[in-house]
Amino acid sequence: MLTRAIEINPMEPTAHFTLGTTYFNLLQYENAIKHFERAEEHNPDDYEVLVNLALCHDRLNHHNKAENYYRRVLALDPKSDEICLKLANVCLKQNKIDE
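Residues numbered from 1 in each chain as written. Predicted model: local features only at pLDDT ≥ 70, side-chain atom pairs only at ≥ 80, totals over all residues. Heavy atoms only, no water.

1. Concerning the nonpolar core
Core analysis: the biggest nonpolar cluster contains 22 residues, and Phe 24, Phe 36, Leu 53, Cys 56, Tyr 70, Ile 83 and Leu 87 have the highest contact counts within it. Elements represented by at least two residues in this core include exactly α3 (29–42), α4 (47–59), α5 (63–76) and α6 (81–93). Among the elements that line this core, the one with the most residues is α4, at 7 residues. (Core = buried A, V, L, I, M, F, W, Y, C linked by side-chain atoms within 4.5 Å. Buried < 20%, exposed > 50% of the residue type's maximum accessible area, 1.4 Å probe, protein only. Helix = DSSP H or I, 4+ residues; strand = E, 2+ residues; numbered from the N terminus.)

2. Describing the packing of α4 against α6
At a closest axis distance of 12 Å, the pairing of α4 and α6 adopts a crossing angle of 30 degrees. The angle between α4 and α6 falls in the class roughly parallel. Handedness of the α4/α6 crossing: left-handed. Contacts between α4 and α6 involve Tyr 47, Val 51, Leu 55 and Asp 58 on the former and, on the latter, Ile 83, Lys 86, Val 90 and Lys 93. Per-class residue counts for the contact of α4 with α6 are 5 nonpolar, no polar and 3 charged. (Axes fitted to C-alpha atoms, helices over the stretch in contact; angles between N-to-C directions. Parallel < 35°, antiparallel > 145°, perpendicular 65-115°, else oblique. Left-handed = near helix turned anticlockwise from the far one by under 90°. Contact = heavy atoms within 4.5 Å. Nonpolar A, V, L, I, M, F, W, Y, C, P; charged D, E, K, R; others polar.)

3. Some thoughts on the pattern of salt bridges
Enumeration over the complete set of coordinates arrives at 5 salt bridges. Residue Asp 58 pairs with Lys 93 through a salt bridge whose shortest N-O separation is 3.1 Å. With a gap of 35 residues between them, Asp 58 in helix α4 and Lys 93 in helix α6 connect regions that are remote in the sequence. A relative accessible area of 13% means that Asp 58 is categorised as buried. Between Arg 71 and Glu 67 there is a salt bridge, with the nearest N and O atoms lying 3.0 Å from each other. (Salt bridge = Lys/Arg side-chain N within 4 Å of Asp/Glu carboxyl O.)

4. Structural notes on the packing of aromatic side chains
The description of an aromatic ring pair rests on the distance of the ring centres and on the angle between the ring planes. Taken as a whole and assessed by the stated rule, the structure comprises 2 aromatic pairs. With 5.7 Å between their ring centres and 55 degrees between their planes, Phe 17 and Phe 36 make a pair best called tilted. Within this pair, whereas Phe 17 is found in helix α2 (residues 13–25), its partner Phe 36 is found in helix α3, the two being separated by 19 residues in sequence. Judged by relative accessible area, Phe 17 falls into the partly exposed class, the value being 24%. Judged by its relative accessible area of 0%, Phe 36 is buried. Relative to Tyr 29, the ring of Phe 24 lies with its centre 5.4 Å away and its plane at 65 degrees, an arrangement referred to as edge-to-face. One exposure class covers both Phe 24 and Tyr 29, and it is buried. (Phe/Tyr/Trp six-rings, centres within 6.5 Å; stacked < 30°, edge-to-face > 60°.)

See the structure below:
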């Protein structure tokens, strides 16, 4: 159903977000990233899209990309303790102790 919606309207961000979430839940992070990135093209400051991109990259050990997305999320919500912790963890994985 979602793939059909994307075939009809490949620019539909909601369908891409939902399909990305489905792939994320199936642990298919590379596929999820593709669809979250399409959703991001239309809504570059969408909190949920950015969080999901950060999580996907984090789970794939793409630490630099995960860090960049976590920082973008924090720019939108600087008081998010959960995102601060995730950012700290990804920085530690990169030996960025002072950040």
